[in-house]
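# Survey of secondary and tertiary structure
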Amino acid sequence: MRELILGGARSGKSALAEARAEAAPGEVVYIATAEAADDEMAARIEAHRARRPDGWRTVEAPQALSAALLEAAAPGRLVIVDCLTLWLSNRLGAGADIAADQATLLAALKDASGELVLVSNEVGQGIVPDNAMARRFRDAAGRLNQAAAAACEQVTYVVAGQPLTLKTPSA
Amino acid sequence: MRELILGGARSGKSALAEARAEAAPGEVVYIATAEAADDEMAARIEAHRARRPDGWRTVEAPQALSAALLEAAAPGRLVIVDCLTLWLSNRLGAGADIAADQATLLAALKDASGELVLVSNEVGQGIVPDNAMARRFRDAAGRLNQAAAAACEQVTYVVAGQPLTLKTPSA
Amino acid sequence: MRELILGGARSGKSALAEARAEAAPGEVVYIATAEAADDEMAARIEAHRARRPDGWRTVEAPQALSAALLEAAAPGRLVIVDCLTLWLSNRLGAGADIAADQATLLAALKDASGELVLVSNEVGQGIVPDNAMARRFRDAAGRLNQAAAAACEQVTYVVAGQPLTLKTPSA
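Predicted model only: the values in this text are computed from it and were never measured. (Residues numbered from 1 in each chain as written. Chains lettered and ligands numbered in written order. Predicted model: local features only at pLDDT ≥ 70, side-chain atom pairs only at ≥ 80, totals over all residues. Heavy atoms only, no water.)

## Points about the confidence of the model for chain A
Model confidence for chain A is summarised by a mean pLDDT of 94, while 99% of its residues fall at 70 or above. Interface confidence for the predicted complex, expressed as ipTM, amounts to 0.93; the pTM equals 0.94. (pLDDT = per-residue confidence, 0-100.)

## Regarding the relation of the copies chain B and chain A
The two copies are related by a screw operation: chain B maps onto chain A through 120 degrees of rotation and 0.0 Å of translation along the axis, at an RMSD of 0.0 Å. The superposition operator between the copies reduces to a three-fold rotation axis. Minimal C-alpha distance to the rotation axis in chain B is attained by B:G126, lying at 2.4 Å. (Least-squares fit on C-alpha atoms with pLDDT ≥ 70 in both.)

## Observations concerning the sheet that holds strand β5 (residues 115-121) of chain C
All names here are of chain C. Strand order in this open sheet of 7 strands is β3-β2-β4-β5-β1-β6-β7, and the pairing throughout is mixed. With one partner strand each, in any of the chains shown, β3 (57-60) and β7 (162-167) form the two edges of the open sheet. When strand polarity is set aside, the average angle formed by the axes of neighbouring strands in this sheet is 20 degrees. In this fold helix α4 (residues 84-93) packs onto β1 (2-7), β4 (77-82) and β5, with an angle of close to 65 degrees to the strand it touches most, β5. (Pairing = 2+ DSSP bridges. Helix = DSSP H or I, 4+ residues; strand = E, 2+ residues; numbered from the N terminus. Axes fitted to C-alpha atoms, helices over the stretch in contact; angles between N-to-C directions. Contact = heavy atoms within 4.5 Å.)

## A look at the pattern of salt bridges
Across all of its chains, the model carries 15 salt bridges over all chains by this definition. Its salt-bridge partner being A:R91, residue A:D101 comes within 2.5 Å of it at the nearest N-O pair. Of this pair, A:D101 sits in helix α5 (residues 98-111) while A:R91 is found in helix α4 (residues 84-93), placing the two residues 10 residues apart along the sequence. For the residue pair A:D101 and A:R91, the accessibility class agrees, reading buried in each case. For B:D139, the salt bridge goes to C:R10, with nearest N and O atoms at 3.6 Å. Taken together, the positions of B:D139 in helix α6 (residues 132-151) and C:R10 in the loop between β1 and α1 (13-23) put the pair across two chains. Exposure remark for C:R10: the relative accessible area of 24% places this residue in the partly exposed category. (Salt bridge = Lys/Arg side-chain N within 4 Å of Asp/Glu carboxyl O. Buried < 20%, exposed > 50% of the residue type's maximum accessible area, 1.4 Å probe, protein only.)

## Concerning the interface of chain B and chain A
The partner chain A presents 20 residues to the 22 residues of chain B that form the contact. The contact between chain B and chain A buries some 1,700 Å² in all, and 56% of this surface belongs to carbon and sulfur atoms. Inspection of the chain B/chain A interface yields 1 salt bridge. Secondary-structure elements contributing two or more residues to the side of chain B that touches chain A are α2 (39-51), α6, β6 (154-159) and β7 (162-167) of chain B. For the side of chain B that touches chain A, the per-class residue count stands at 9 nonpolar, 8 polar and 5 charged. (Buried area = accessible area lost by both parts, 1.4 Å probe. Nonpolar A, V, L, I, M, F, W, Y, C, P; charged D, E, K, R; others polar.)

Now the structure itself:
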């Protein structure tokens, strides 16, 4: 099954993804998309890392997420991607063709076997940003979240640590 | 029935409104509130327009929304307003009395016959904006969304393309 | 019972908290955390105050919230705290140790008797803010909301005045 876990900053979305993985019977691979570009980000990455069980394998994929996902996914295994919006931000920063990237990622999501838990940020519920780059990111993140939600059997929205089911396999 | 469809940027709220209209048996009128003030906005408007079926009538009402709504609404017809927050932004830009505008719009919503689908942006879930104008817009949008939700029989919140019912006719 | 009412700017969260208090059989104490630092804030405070019934007692606690909460709470009484995020902002402005503050507040929440209704802002669903102080506030608010939600038996998310239950005592 594929699940998208979506929430705001510090909403508890990563913790929920990790709880899913802890409850899974098999092997866990954690694909981290964060890049330690500055001290603040390095501290965040380290805090996330320290929280993860020793038995999990961590793969860093700030850019080549689709390849990492296809390589990591396997029957009986659970793969966490944390998170889609950081990856998108890295790809925009690298001047990538975002529409093509999104298509490739969606194909990888469909091809991947085993369990997938995708973490993503909701970034579109504030005031329209002043600068064009932030608006571009916001639009691309909204499109990516919609596409990922459509490709997943389960979508969970997290607010203040409380999960709210937006889509279920039975729906 | 009146429905308010509320969501963040690129959340799929317009697409949901259009899906409602496609499922409706009668005539569809699409009231667009966007103003093509720059190339970016012109491109957005064009993308929205290209997506709409040929049979729908489009009315542009960046300022005089209440009059357009009352003129368009009719028994057996479905009217989409896309979107309230752009209209609000246009009215603020024109120096209008927002409280009076809101009262007029709410009266029009109550008087309008047929089916109404109102699209609006949630803009109040980010950090308090630095500039006073953005804070004023954010407050006015919150008030307008609350008032519109109270006037509608159905309220749907869209996150990543997934609709979540906040209010139903039977509730 | 303890309830956290969470929502964006002008979402109707204070009005919902006040409706809870109006429905309560006993005495009501309203703990206001706002500081009238400028005219805009003074006007907001006054608008909130004018809305409240005369019978309610108002306590101002822009900084010493935990002490005010413990002093106000009593069996048969309902205490509103409006709101946690303004208090957090005041504490950050005062250079306080936020983690210690949060721990003290959570202990007070657990010790407080009677009914508690806590109001808080969702601020993490917009674009990542440009300035480090705003990011620090956003992170602290997210953590505080998660912790408060975990400590409360009921969590209600308000969007456009429509309440959505995220956690219930029976769940």
